[in-house]
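What follows is each chain in one-letter form.
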Amino acid sequence: MKNEYTDHHWDERDPSPWLALYLDQSTPLPDDVKAAWLRDCSGSSRQFFLPLVRPMARVSMIIIQLLKIFLPKRWSHSMLLHRLLAFSMNRFVSPEANWLIMRHFHLGSQVLSFVSANSPVPVSTAPLKPMTIDEVKDELFLRHDLNLFNFVIRLNKALRAENKELVPVPEPDFSMLHEPELRLEDMPRGRFNLLDLQSAIEIYTPVYQLLLTDNDFWRASNSLQLDETVAIYCAKILASPEHLVLLNNKHPLVPMTTLYAAYRLVLHGLSSEMLHALLMRMARGEIPIPAREFAKMHEAAEVVVGHAPMP
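In short, a report on the structure. (Residues numbered from 1 in each chain as written. Predicted model: local features only at pLDDT ≥ 70, side-chain atom pairs only at ≥ 80, totals over all residues. Heavy atoms only, no water.)

1. A look at the nonpolar core
At step 1: Ranked by size, the top nonpolar core spans 38 residues in total, and within it Met89, Val93, Trp99, Val136, Phe141, Leu197 and Tyr208 carry the most contacts.
At step 2: Listing elements by their share of this core, those giving two or more residues are helix 2 (31-41), helix 4 (78-91), helix 5 (95-117), helix 6 (140-161), helix 7 (197-211), helix 8 (214-222) and helix 10 (261-283).
At step 3: Sequence-distant contacts of Leu197, defined by excluding residues within four places in its chain, comprise Trp37, Asp40, Ala97, Leu100 and Ile101.
At step 4: Among the nonpolar cores identified, the runner-up in size contains 32 residues, and Phe151, Leu177, Ile237 and Ile289 belong to it. (Core = buried A, V, L, I, M, F, W, Y, C linked by side-chain atoms within 4.5 Å. Buried < 20%, exposed > 50% of the residue type's maximum accessible area, 1.4 Å probe, protein only. Helix = DSSP H or I, 4+ residues; strand = E, 2+ residues; numbered from the N terminus. Contact = heavy atoms within 4.5 Å.)

2. Quick word on the packing of aromatic side chains
At step 1: Tallied over the full model, the rule gives four aromatic pairs.
At step 2: Taking 6.3 Å as the distance between ring centres and 70 degrees as the angle between the ring planes, the aromatic pair formed by Phe87 and Phe92 counts as edge-to-face.
At step 3: Overall, Phe87 belongs to the partly exposed group, its relative accessible area being 40%.
At step 4: Between Tyr208 and Phe217, the aromatic rings sit 6.5 Å apart at their centres with planes inclined by 50 degrees, giving tilted as the arrangement.
At step 5: Taking the relative accessible area as the measure of exposure, Phe217 reaches 3% and is therefore buried.
At step 6: In this structure, Arg103 packs its charged tip against the face of Trp99, placed 5.1 Å from the ring centre. (Phe/Tyr/Trp six-rings, centres within 6.5 Å; stacked < 30°, edge-to-face > 60°. Lys NZ or Arg CZ within 6 Å of the ring centre and 35° of its normal.)

3. Quick notes on helix 3 (residues 44-67)
At step 1: Taking 1.5 Å per residue, 24 residues should reach 34 Å; helix 3 reaches 34 Å between its end C-alpha atoms and fits that length.
At step 2: The largest bend along helix 3 reaches roughly 50 degrees and is located at Leu50, with the proline Pro51 sitting one to four residues downstream.
At step 3: All of the buried residues along helix 3 are Ser45, Leu50, Val53, Ala57, Arg58, Met61 and Ile64.
At step 4: If you follow the buried residues of helix 3, they end up packed against helix 7, helix 8 and helix 10. (Expected span 1.5 Å × (residues − 1). Bend = angle between axes of the 7 residues up to and from the residue.)

4. Remarks on the environment of Phe49
At step 1: Of note, Phe49 is situated in helix 3.
At step 2: Separated by 147 residues in the primary sequence, Phe49 and Asp196 place their C-alpha atoms 9.0 Å from one another.
At step 3: Excluding anything up to four places from it in sequence, Phe49 contacts Ser44, Leu195, Ser199 and Ile203.

5. Focus: helix 8
At step 1: Three or more residues of helix 8 are buried, namely Asp216, Phe217, Arg219, Ala220 and Ser221.
At step 2: Contacts from the buried residues of helix 8 go to helix 3, helix 6, helix 7 and helix 10.

6. Here's the deal with the side chain of Lys34
At step 1: With respect to the helices and strands, the residue Lys34 is situated in helix 2.
At step 2: With no salt bridge to any partner, buried Lys34 finds its closest opposite charge in Asp24, at an N-O distance of 5.2 Å.
At step 3: Here Leu21 takes part through its backbone oxygen, which lies 3.4 Å from a polar atom of the side chain of Lys34.
At step 4: Apart from residues lying up to four places away in sequence, Lys34 is in contact with Leu21, Tyr22, Asp24, Thr27 and Leu29. (Lys, Arg positive; Asp, Glu negative; His and termini not counted. Salt bridge = Lys/Arg side-chain N within 4 Å of Asp/Glu carboxyl O. Polar contact = N/O pair within 3.5 Å; in protein donor to acceptor, adjacent residues only side chain to side chain.)

7. Brief notes about the layout of surface pockets
At step 1: Counted as a void, the second largest pocket has a volume near 320 Å³.
At step 2: Taken together, 16 residues form the lining of the second largest pocket, with Gln25, Leu29, Pro30, Asp31 and Arg281 sitting closest to its centre.
At step 3: Sorting the residues of the lining of the second largest pocket by element identifies helix 1 (17-23), helix 2 and helix 10 as the ones contributing at least two each.
At step 4: For the lining of the second largest pocket, the class distribution of residues is seven nonpolar, two polar and seven charged. (1 Å grid on protein atoms, 1.4 Å probe; cavity = no way out; pocket = protein on both sides within 12 Å on 5 of 7 lines; lining within 4 Å. Points joined across faces, edges and corners; volume = space filled by probe spheres on them. Nonpolar A, V, L, I, M, F, W, Y, C, P; charged D, E, K, R; others polar.)

8. Some thoughts on empty space enclosed by the protein
At step 1: Counted under the stated rule, the structure contains four cavities of 30 Å³ or more.
At step 2: Here the largest cavity is characterised by a volume of approximately 520 Å³.
At step 3: Taken together, 28 residues make up the lining of the largest cavity; nearest its centre are Phe141, Ile201, Leu224, Leu265 and His268.
At step 4: Contributions of two or more residues to the lining of the largest cavity are made by helix 5, helix 6, helix 7, helix 8 and helix 10.
At step 5: When residues in the lining of the largest cavity are grouped by element, the largest group, eight residues, is from helix 10.
At step 6: By residue class, the composition of the lining of the largest cavity is 19 nonpolar, seven polar and two charged.
At step 7: Approximately 260 Å³ is the volume found for the second largest cavity.
At step 8: Lining the second largest cavity are 22 residues, and of these Gly108, Leu112, Leu148, His268 and Ser272 lie nearest its centre.
At step 9: If you list the elements that add at least two residues to the lining of the second largest cavity, you get helix 5, helix 6, helix 9 (226-238) and helix 10.
At step 10: Along the lines of polarity and charge, the residues of the lining of the second largest cavity split into twelve nonpolar, nine polar and one charged.

9. A few points about the side chain of Thr205
At step 1: Of note, Thr205 is situated in helix 7.
At step 2: A distance of 2.7 Å separates a polar atom in the side chain of Thr205 from the backbone oxygen of Ile201.
At step 3: Among all residues touching Thr205, those that are not within four sequence positions of it are Met61, Phe217, Ala261 and Ala262.

And the structure:
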């Protein structure tokens with residue numbers, strides 16, 4: 001796919017860091033996703049606006065936390081929150097950032113479906129597949145967090161009930177994996193659609209904190225810890241623990257302060273893209289599936305043992 005990086009002029013005396021990151025293949029990302037990610041990162045919004053908005057957003061979170069001492073415990077305006085999110089995404093967020101945000105719901109649903117399909121016990125999922133930004137109004141972000149925790153609970157209750165655990169699957173079911181039918185060119189491109197992904201998330205986080213209950217906000221923040229949890233599930237199924245190095249949102253059992261939730265949310269989105277890309281590459285046969293290779297080695301070893309002469 002052609003983009004500004006494929007035809008970028010390379011000056012060895014002034015190499016572009018964005019070109020280096022685009023060409024680097026140490027982490028699995030589709031070229032169009034990587035190009036959109038880097039285009040969003042390299043824009044003037046992130047360079048000049050993010051350093052201003054980040055400290056203000058974090059101070060706002062501290063003030064809101066103090067304010068919530070005096071607010072009713074069940075203070076929540078989730079519908080208003082999601083209407084504000086949809087409004088701002090349509091009018092102020094860059095096309096690349098909106099595309100990456102909308103893709104995230106699809107990718108997360110597909111990864112959970114992959115774990116479910118390859119689990120030794122049946123477990124249901126509740127996929128989210130929004131095609132338009134206006135669908136955010138249906139409490140999409142909150143439902144995304146609820147789905148993740150409910151899936152982990154549902155899966156592990158079923159595993160415990162049957163005294164089973166996730167194990168390597170030599171021939172995993174990849175049928176639920178595909179590229180979402182979301183097009184970057186369909187994202188809003190108004191005069192003010194300039195806000196980069198990280199700046200948008202920094203602004204959204206204190207608003208999220210204000211308009212949700214403390215319980216909902218803490219759960220949303222702690223859901224980021226589950227990046228490792230879901231990656232471990234996939235690693236067990238694929239017998240591929242080395243790919244866990246791509247996840248770095250900290251240990252699932254050590255919750256972090258919500259003050260850094262926005263930055264970690266960006267890591268969460270990138271981790272989901274990389275895990276999905278890795279599974280897609282395995283599904284297409286571009287890289288070997290360790291669980292399959294181990295099964296072949298085990299079968300070969302059994303054949304050798306079976307034909308060995310008796311002492």
